[in-house]
Amino acid sequence: MFYRAILFDMDGVIVDTHQAVTDFWQRWSKIHHIELTSTDFHQHIYGCPANHTLDVFFSHLTSTERQAINTDMVTYEINQTYTAVNGVVPFLRTLQAQNFPIALVTSGEHWKVNAVLTQLELEHVFTVTVTASDIKRGKPQPDCYLLAAERLDQPVEQCIVFEDALSGVKAAVAAGTLCVGIQPWNGHVLLQAGARYVVPDFNAISLQVSANGPNSLHLQVGSAASLSLQPRR
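Cut-offs used in this document
- All residue numbers refer to positions counted from 1 along the written sequence of the respective chain.
- Residues qualify for local features only when their pLDDT is at least 70, as the model is predicted, and side-chain atom pairs are given and counted only at 80 or more; totals for whole chains, interfaces and linings, by contrast, use all residues.
- Heavy atoms from the whole structure form the basis of all side-chain values; hydrogens and water molecules are not counted.
- Comment: elements are numbered from the N terminus, with helices defined as DSSP H or I runs of at least four residues and strands as E runs of at least two.
- Computation of the radius of gyration draws on C-alpha atoms, with the globule rule given as 2.2 Å multiplied by the number of residues to the power 0.38.
- Three labels apply to residues, based on accessible area from a 1.4 Å probe with only protein chains included: buried if under 20% of the type maximum, exposed if over 50%, partly exposed otherwise in between.
- Any two residues having at least one pair of non-hydrogen atoms within 4.5 Å are treated as being in contact.
- A positive count includes Lys and Arg, and a negative count includes Asp and Glu. His and the chain ends are not counted in either.
- By convention, the point assigned to a charge is CZ for Arg, NZ for Lys, CD for Glu and CG for Asp.
- Aromatic rings from Phe, Tyr and Trp, with only the six-membered ring used for Trp, were paired whenever their centres fell within 6.5 Å, and each pair was classed as stacked if the ring planes differed by under 30 degrees, edge-to-face if by over 60, and tilted otherwise.
- DSSP calls a pair of strands paired once it identifies at least 2 bridges connecting them.
- Helix axes are fitted to C-alpha atoms over the stretch in contact, other axes to C-alpha atoms as well, and angles between N-to-C directions run from 0 to 180 degrees.
- This arc corresponds to the set of directions leading from the helix axis out to the C-beta atoms.
- A pairing counts as a salt bridge when a side-chain nitrogen of Lys or Arg comes within 4 Å of a carboxyl oxygen of Asp or Glu.

Q: Is there a simple way to think about the overall build of the chain in this case?
A: Counting its secondary structure elements, the chain contains 9 helices and 10 strands. Expected size for 233 residues packed as a compact globule is a radius of gyration near 17 Å; at 18 Å, the chain falls within 12% of this value. Each of the 233 residues in the chain was classed as buried or not, and the buried ones make up 55%. Sequence separation of at least 24 residues holds for 62% of the intrachain contacts in the chain that already meet a minimum separation of 6. Looking at charge distribution, the chain has the averaged site of its 14 positive side-chain charges lying 7 Å from that of its 21 negative ones.

Okay, structure coming up:
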């Protein structure tokens, strides 16, 4: 089977934002006297749209109080210094050089995408981008990945998704894609959620141009699998 496109989550896949996201929600939970557990973070914060997190844990707040959190988030995310996940930038550059369809699919908003891509000098790498503003239902619902495949004009079942969060893996699996987890720790949780493979970062992934032609690639995922990539002509 050939895979026709690759869809990338952003937080935890393109950039390492685990600690920044944790710090932000811990700060606001303390302000509003809310206890958040590790399970809360994995199920309702990491990889989830901010409105989902607010609905689950901050539903008692007034609209003004919720807006204060959202406003603070914009400032916080725009002013972050972002660090790329190991190996992801050369991996993306190789896909771009081969004209392979790739999408950025994130629960973040456009301002964060702009900040990340500008800092990493990846502004023109992705074929399409899907943000939280483009969909009504966020991860773990499959809508974002279904929309990305539609915008790329590629069959969703022939798309590979890179995800690091439980909600994102569930969304990718529900959409019908092959999901590869990017997780340096606790990878078994992503496997249990339906990820086909899990690797610590993109240094464990390689691309080789096939003898079948310049647009035919082999994606090596650790020692687990070799996947054939070929965009639809």
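Here the narrative resumes, following the displayed structure.
Q: What should I look at first to understand the packing of aromatic side chains in this one?
A: When we look at a pair of aromatic rings, we describe it by the centre distance and by the angle of the planes. Counting across every chain of the model gives 11 aromatic pairs. Ring plane angle 70 degrees and centroid distance 6.0 Å describe the contact between F8 and F126, whose orientation is recorded as edge-to-face. Taken together, the positions of F8 in strand β2 (residues 5–8) and F126 in the loop between α6 (110–119) and β4 (128–130) put the pair 118 residues apart, joining distant regions of the chain. Residue classification places F8 among the buried positions, given a relative accessible area of 0%. Arranged with centres 5.2 Å apart and planes meeting at 85 degrees, the rings of F24 and W25 form a pair that is edge-to-face. In terms of burial, F24 and W25 fall into one category: buried.

Q: Teacher, can you tell me more about the sheet that holds strand β9 (residues 217–221) here?
A: The strands that make up a sheet are held in pairs by hydrogen bonds between backbone atoms, and each pair lies either parallel or antiparallel. Across the sheet, 4 strands lie side by side as β1-β10-β9-β8; this open sheet has mixed pairing. Edge strands, defined here as strands with exactly one partner in the open sheet, are β1 (2–3) and β8 (205–209). Relative to strand β10 (residues 225–229), β1 runs parallel, the two being bridged by 2 bridges. Counted as the bridge partner of Y3 is L229 from β10. The strands that helix α5 (residues 88–97) touches are β8, β9 and β10; relative to β8, the one it contacts most, it runs at about 20 degrees.

Q: When you look at unusual backbone geometry in this model, what are you seeing that I'm missing?
A: Negative phi values dominate among residues other than glycine, just as trans dominates among peptide bonds. For the bond running from K139 to P140, omega is 20 degrees, close enough to zero to count as cis. Among the secondary structure elements, P140 is positioned in the loop between β4 and α7 (143–152). At N99, a position not held by glycine, the phi torsion is positive, near 55 degrees. Assignment of secondary structure puts N99 in the loop between α5 and β3 (102–105).

Q: Looking at this structure, how should I read the side chain of S29?
A: Tracing the backbone through its elements, the reader meets S29 in helix α1 (residues 18–31). Note on S29: relative accessible area 4%, which makes it buried. In contact with S29, not counting residues within four places along its chain, are I34, L36 and F58.

Q: Honestly, α5 in this entry has me stumped. Any pointers?
A: Quick reminder: α-helices carry 3.6 residues per turn. Residues three or four places apart thus point the same way. When we look at burial in α5, the residues that qualify are V88, F91, L92 and L95. Along the axis of α5, the buried positions cluster into a sector of 95 degrees, meaning they face one direction only. Residues of α5 that are exposed and point over 90 degrees away from its buried face: P90 and A97. Buried positions along α5 lie against β2, β3, β5 (159–163), β8, β9 and β10. N99 lies just past α5 and shows a positive phi near 55 degrees.

Q: Please clarify how the pattern of salt bridges should be interpreted in this entry.
A: Note on pairing: side chains with opposite charge can pair once their charged atoms come close. Counting across every chain of the model gives 8 salt bridges. Here K139 and D9 are joined by a salt bridge, their closest N and O atoms 3.0 Å apart. Of the two residues, K139 sits in the loop between β4 and α7 while D9 sits in the loop between β2 and α1, which places them 130 residues apart along the sequence. For the pair formed by K139 and D9, the shared burial category is buried. Linking D134 and R151 is a salt bridge whose minimum nitrogen-to-oxygen distance equals 3.7 Å. Placement of D134 in the loop between β4 and α7 and of R151 in helix α7 is noted, with a sequence separation of 17 residues between them. The network of salt bridges with common partners includes D9, K139 and E163.

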